[in-house]
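What follows is each chain in one-letter form.
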Amino acid sequence: MKSYIVPGLDDTDKLLLHNNGMVFYQWDAENIIINESQLPQLLELLDATASEAATEYENMYMLTLQFNMTAGSNNGGNRAADRARLQSRAKYIQACSARLTAVLNEATAKVEDRKKKLGPAQEAFVSSARYSYIASNKKSEEELAREFAEQFERLKAVPKVRAVRVTNGAILVYTETLYATDPATKLRHELGAYLIIINTDGSQDGVRWFNTTRRVRTIQTGMN
């Protein structure tokens, strides 16, 4: 399936997409990513037409939008960045709370079921003990909100993390340029800057990495 890089959308455009249930990823400071199946809805919401051009990335295309109606732009500078940070922090707390509630319900149900079947197997015991801890470790909403806020700030404080954003069902981590030292040659190599997508429901293998600086041809083309 194709993916599209969509340039030139302002905060009003993105809010319109979000409010209409579109899940998109921020590729960099100016561009977002959508899937091929989302393209008709995006064009309808923005009242626009589009042309596409191939990029250096496999199955990734750059869109050029032609708007039927001209929308105003918004440049809020640092205030907009601060507002985006606060919104992302609130979304992070909301996403973690929803995930914890689901895990707590699952843990409670499994504890009750496994109490009847608990045998001598160590694996079953360890698993049940873990679920028991989760089920009994109940905190107030205020405590959870404070804990999730601290987690968000710790994530931002990880070395080489440039920014953290939260969208529907995913935490987006933007890195500075990363380097790796080859243990055989001791040579230091530049890898590039990355977008790390952490799916809060564990889907799509949980975590995905995209090199936003370059792609390389090794075992196959377009590798990160």
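Before any of the text, the structure's been laid out above.
Conventions adopted
Residues numbered from 1 in each chain as written. Predicted model: local features only at pLDDT ≥ 70, side-chain atom pairs only at ≥ 80, totals over all residues. Heavy atoms only, no water. Salt bridge = Lys/Arg side-chain N within 4 Å of Asp/Glu carboxyl O. Helix = DSSP H or I, 4+ residues; strand = E, 2+ residues; numbered from the N terminus. Contact = heavy atoms within 4.5 Å. Pairing = 2+ DSSP bridges. Phe/Tyr/Trp six-rings, centres within 6.5 Å; stacked < 30°, edge-to-face > 60°. Lys NZ or Arg CZ within 6 Å of the ring centre and 35° of its normal. Buried < 20%, exposed > 50% of the residue type's maximum accessible area, 1.4 Å probe, protein only.

## Topic: the pattern of salt bridges
Summed over the entire model, instances satisfying the criterion amount to 2 salt bridges. In this structure, the salt-bridge partner of glutamate 52 is lysine 2, at a minimum N-O distance of 2.9 Å. Highlighted residues: glutamate 52 in strand 4 (residues 48-54) and lysine 2 in the segment before strand 1 (3-7), separated in sequence by 50 residues.

## Some points on the side chain of serine 3
Among the secondary structure elements, serine 3 is positioned in strand 1. In this view, serine 3 contacts Ile33, Ile34, Asn35, Asn59, Met60 and Tyr61; residues no more than four positions away in its chain are not counted.

## Notes on the sheet that holds strand 2 (residues 25-26)
What the 5 strands build is an open sheet, ordered 2-3-1-5-4; its pairing is mixed. Looking at which strands have only one partner, the edges of the open sheet turn out to be strand 2 and strand 4. The sheet contact formed by strand 1 and strand 5 (residues 60-67) spans 3 bridges and is parallel. Bridge assignment links tyrosine 4 to a residue of strand 5, and that residue is tyrosine 61.

## What to know about the packing of aromatic side chains
In this description, an aromatic ring pair is defined by two values, namely the gap between the centres and the angle between the planes. Evaluated as defined, the whole model comprises 4 aromatic pairs. Aromatic pair tryptophan 27 and tyrosine 57: ring centres 5.5 Å apart, planes at 70°, arrangement edge-to-face. Linking tryptophan 27 in the loop between strand 2 and strand 3 (31-35) with tyrosine 57 in the loop between strand 4 and strand 5, this pair joins segments that are 30 residues apart in sequence. Over the ring of tyrosine 61 we find lysine 2, and its NZ or CZ is 4.7 Å from the ring centre. Its guanidinium or amino end placed over the ring of tyrosine 179, arginine 188 lies 4.0 Å from that ring's centre, counting from NZ or CZ.

## A word on the pairing of strand 8 (residues 178-181)
On a regular strand, one side chain projects to one face of the sheet and the next to the other, so that they alternate. Pairing geometry for strand 8 and strand 9 (residues 188-192), over 4 bridges, is antiparallel. Considered in strand 9, the bridge of threonine 181 is made with arginine 188. Two successive antiparallel strands, strand 8 and strand 9, enclose a turn made up of 6 residues, where lysine 186 displays a positive phi of approximately 65°.

## Comments concerning the pairing of strand 3
The buried fraction of strand 3 is high, at 4 of 5 residues. Looking at chain direction, strand 1 and strand 3 are connected through 5 bridges and run antiparallel. Residue isoleucine 5 lies in a different strand from strand 3, and its bridge partner there is isoleucine 33. Connecting the antiparallel pair strand 2 and strand 3 is a turn made up of 4 residues.

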